[in-house]
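Examining the three-dimensional arrangement
In case you want the letters, here they are:
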Amino acid sequence: MLSRLIGGDLADLAQDPLGEFCRRSSRGGVVPLQIAFTRGHLVSDPAVVRHVLLDNLANYDKHTPAFDAVRIVLGNGMLTSGGAFWKRQRRIAQPAFHGEKVRHFAPILSRMAADCAADWEAATAAGAPVDAGTDMMRVTLRAVAETLFGDDMAGDANEINRVFPTILGCLASRVSSPIRPPLWVPTATNRRLRPALSSLNATVERLIATKRRRLAAGEQTEPKHRDLLTILMLARDEETGETMSDAQLRDEVMTLLIAGHETTANALAWLWVLLDRHPDEQERLRAELVAATGGRPPTVDDLPQLPRLKAVIQETLRLYPPVWMFDRLALGPDDLAGTPVAKGELVIFCPYALHRLPHLWSEPETFRPERFEAGREEQKNKFAYLPFSAGPRICLGASFAMIESQIIVGTLLSRFRVRLADPRPIIAEPRVTLRTSRPVILRLERAPLLPT
Ligand code: HEM
């Protein structure tokens, strides 16, 4: 095994990453880690998290091996870029993701949720189980793609759906391998990635060109008809007046497609697992839905009346944060609460472990959504709860993901009770995102809250 030859802590981490991160984090503070030839520091102290992600942000960037591995697909988009370039891109994109603006996209999310409910109805009628993991991937990919491209995408949806699993699989192989040859080297991964990526690139470039043409022809200029790509294309940097070039738009579109769907899909897959383990919680959520909507699927306007649903999603993200680990590269020396950090060293965050520290979370292994009820102490330290990271580089799509999750889960729960078809345990598998160890196959009981 290559990681054993390279040495350091890589072998232990490769064996059981989640267990190893939890064990090392439990000592608290800042713990050294040797990753191949690079020295790293695992941070488990919220004050130090704050220092790196907020107070001394300028001393850290994303040129770490993990981020370098995904640049082949994401290019220099918002997730992977840094410095002044990232700041400008974020400034341009940010307004489209403000809570109020995200509401503009909510009808798309409701439609995707309704389509999924219709598929689940058909499966129930046929007495068949559903593969919730695959369904959540499909719904969240369609949601982000339709939000980006609007009705331009119709003919391309199948192709995007077809190539995405290959692209995600190849990115996972690259992230977990210490050797990442450029795309032209004919490795097994590259041979699969190349055709999938060139197909996706061609689709995205065509969609960008179509959008430019339609805008030039004076179509889709009314704000209520604008999809996200139009918003990004028309947005001007407040400071410089610049707009994004086609190449920048391509990288941002790829970034939003990738950052915006597998994360949410995995969170939702875990949520169904947790609701199987806690049938009482399903009933509680269904009662909340009846009280808020009378039993019809919730819209974005109903969400303030569904605090328990939001808390269940937040608790799912605590126990199973899709981005279970992320890191930064130190650009210069720093001091992390007494631990010196040198230029070129890595600072590593493991939300999965941080969210399980007993001095920060009571009964950390227990599913207790009430810890996210308004005013509770536990959720007040935003540097102890990092499903979306924190500071200026906090997830751009956090509001989108929360609204999307609430609408999808609320819609499905208002029509079904769910149980896992196979009661054997499902454990967490840390890939690029935190996956379930086996498919989440659900047996559904048709139980509409609104009489049909
Ligand atoms: C439950 C779902 C999601 C989770 C758990 C999640 C988590 C994260 C995390 C942890 C980061 C920070 C990574 C780092 O700094 O190293 C991030 C960044 C980002 N996410 Fe999300 N994300 C989710 C959904 C979304 C959605 C729906 C979108 C877009 C539609 C999105 C777009 C982005 C972008 C563009 C960034 C880069 C932000 C920047 O660096 O300025 N994410 N996300």
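Residues numbered from 1 in each chain as written. Predicted model: local features only at pLDDT ≥ 70, side-chain atom pairs only at ≥ 80, totals over all residues.

**Quick look at the overall build of the chain**
When helices and strands are counted, the chain shows 18 helices and 12 strands. A compact globule built from 452 residues would reach a C-alpha radius of gyration of about 22 Å, and the chain, at 22 Å, matches this within 12%. Projected onto its principal axes, the C-alpha coordinates of the chain cover approximately 65 × 55 × 45 Å. Relative to its 452 residues, the chain shows a buried fraction of 41%. (Helix = DSSP H or I, 4+ residues; strand = E, 2+ residues; numbered from the N terminus. Rg over C-alpha atoms; globule rule 2.2 N^0.38 Å. Buried ≥ 20, exposed ≤ 12 C-beta atoms within 10 Å, placed from the backbone.)

**Here we look at unusual backbone geometry**
Phi is positive for Glu363, which is not a glycine, with a value near 40 degrees. Within the secondary structure, Glu363 is located in the loop between helix 17 (351–354) and helix 18 (398–413). Residue Glu363 is classed as exposed on the basis of its C-beta count, with 9 C-beta atoms lying within 10 Å. In the Ramachandran plot, Ser389 falls in the positive-phi region, its phi being about 65 degrees despite a non-glycine side chain. For Ser389, the location among the structural elements is in the loop between helix 17 and helix 18. Residue Ser389 is classed as partly exposed on the basis of its 18 C-beta neighbours within 10 Å.

**Points about the sheet that holds strand 2 (residues 38–43)**
Pairing is mixed in the open sheet, where 5 strands are placed in the order 1-2-8-5-3. In this open sheet, the two edge strands, each paired with only one partner strand, are strand 1 (30–35) and strand 3 (60–61). Where strand 2 and strand 8 (residues 346–349) come together, 4 bridges link them in parallel fashion. Along strand 8, the bridge assignment pairs Val43 with Phe349. (Pairing = 2+ DSSP bridges.)

**Focus on the sheet that holds strand 4 (residues 130–131)**
Here we have 3 strands laid out as an open sheet, ordered 4-12-9, and antiparallel in their pairing. Bordering the open sheet on either side are strand 4 and strand 9 (416–420), each of which pairs with just one other strand. Looking at chain direction, strand 9 and strand 12 (residues 441–446) are connected through 5 bridges and run antiparallel. Each residue of the ladder has a partner; that of Val418, found in strand 12, is Leu444. Sheet strands touched by helix 14 (residues 262–277): strand 9 and strand 12. Its angle to strand 9, the strand with the most contacts, is close to 90 degrees. (Contact = placed C-beta atoms within 7 Å. Axes fitted to C-alpha atoms, helices over the stretch in contact; angles between N-to-C directions.)

**Observations concerning the site of the ligand**
If you check the shell around the ligand, you find 23 residues, and the closest are Gly260, Thr263, Cys395, Gly397 and Ala401. Mapped onto the shell around the ligand, the elements with two or more residues apiece are helix 13 (246–259), helix 14 and helix 18. Of the residues in the shell around the ligand, the class split is 15 nonpolar, 6 polar and 2 charged. (Near = placed C-beta within 6 Å. Nonpolar A, V, L, I, M, F, W, Y, C, P; charged D, E, K, R; others polar.)

**Quick notes on the packing of helix 16 (residues 307–319) against helix 18**
Remark: helix 16 packs on helix 18, axes separated minimally by 10 Å, with the N-to-C direction vectors making an angle of 115 degrees. Taken together, the axes of helix 16 and helix 18 are roughly perpendicular relative to one another. Crossing hand, helix 16 versus helix 18: right-handed. Of the residues in helix 18, those in contact with Leu309, Lys310 and Ile313 of helix 16 are Met402, Ser405, Gln406, Val409 and Gly410. Of the residues assigned to the contact of helix 16 with helix 18, the class counts are 4 nonpolar, 3 polar and 1 charged. (Parallel < 35°, antiparallel > 145°, perpendicular 65-115°, else oblique. Left-handed = near helix turned anticlockwise from the far one by under 90°.)

**So, helix 11 (residues 188–216)**
If you check helix 11, its first and last C-alpha atoms are 43 Å apart, about what 29 residues at 1.5 Å a residue would give, namely 42 Å. At Arg194, helix 11 shows its maximal bend, which comes to roughly 25 degrees, and the proline Pro195 appears one to four places after that position. Taken together, the buried positions of helix 11 are occupied by Leu193, Leu197, Leu200, Thr203, Val204, Leu207, Ile208 and Lys211. Tucked into the core, helix 11 has its buried residues touching helix 5 (65–74), helix 9 (132–149), helix 10 (157–176), helix 12 (228–234) and helix 13. Taken from the residues just after helix 11, Gly218 is the one with a positive phi, measuring 80 degrees. (Expected span 1.5 Å × (residues − 1). Bend = angle between axes of the 7 residues up to and from the residue.)

**Considering the pairing of strand 12**
Relative to strand 12, strand 4 runs antiparallel, the two sharing 2 bridges. If you follow Asp131 over to strand 12, its bridge partner there is Ile441.

**Examining helix 15 (residues 279–293)**
Residues separated by three or four positions in an α-helix point in the same direction, a consequence of the helix having 3.6 residues per turn. With 15 residues, helix 15 extends 21 Å between its outermost C-alpha atoms, agreeing within 8% with the 21 Å of an ideal straight helix rising 1.5 Å per residue. All of the buried residues in helix 15 are Gln282, Leu285, Leu289 and Ala292. The arc that holds the buried residues of helix 15, viewed along the axis, is 95 degrees, so those residues lie on one side. Residues Pro279, Asp280, Glu283, Ala287 and Ala291 are exposed on helix 15 and point more than 90 degrees away from its buried face. Those residues of helix 15 that are buried lie in contact with helix 14, helix 16, helix 18 and strand 9. Of the residues one or two after helix 15, Gly294 is the one with positive phi, at around 75 degrees. (Arc of directions from axis to C-beta.)

**So, the environment of Ser399**
With respect to the helices and strands, Ser399 occurs in helix 18. When the 17 C-beta atoms within 10 Å are taken as the criterion, Ser399 is described as partly exposed. Considered as a pair, Ser399 and Ala428 are 29 residues apart in the sequence and their alpha carbons are 25 Å apart. For Ser399, the residues in contact, after removing those within four places along its chain, are Phe97, Gly99 and Val102.

**Some details on the nonpolar core**
Judged by nonpolar contacts, the single largest core of 120 residues is most densely connected at Trp272 and Cys350. At 10 residues, helix 9 tops the list of elements feeding residues into this core. Here Trp272 is in contact with Ala132, Val418, Val440 and Leu442, once residues within four sequence places are set aside. (Core = buried A, V, L, I, M, F, W, Y, C linked by C-beta atoms within 7 Å.)

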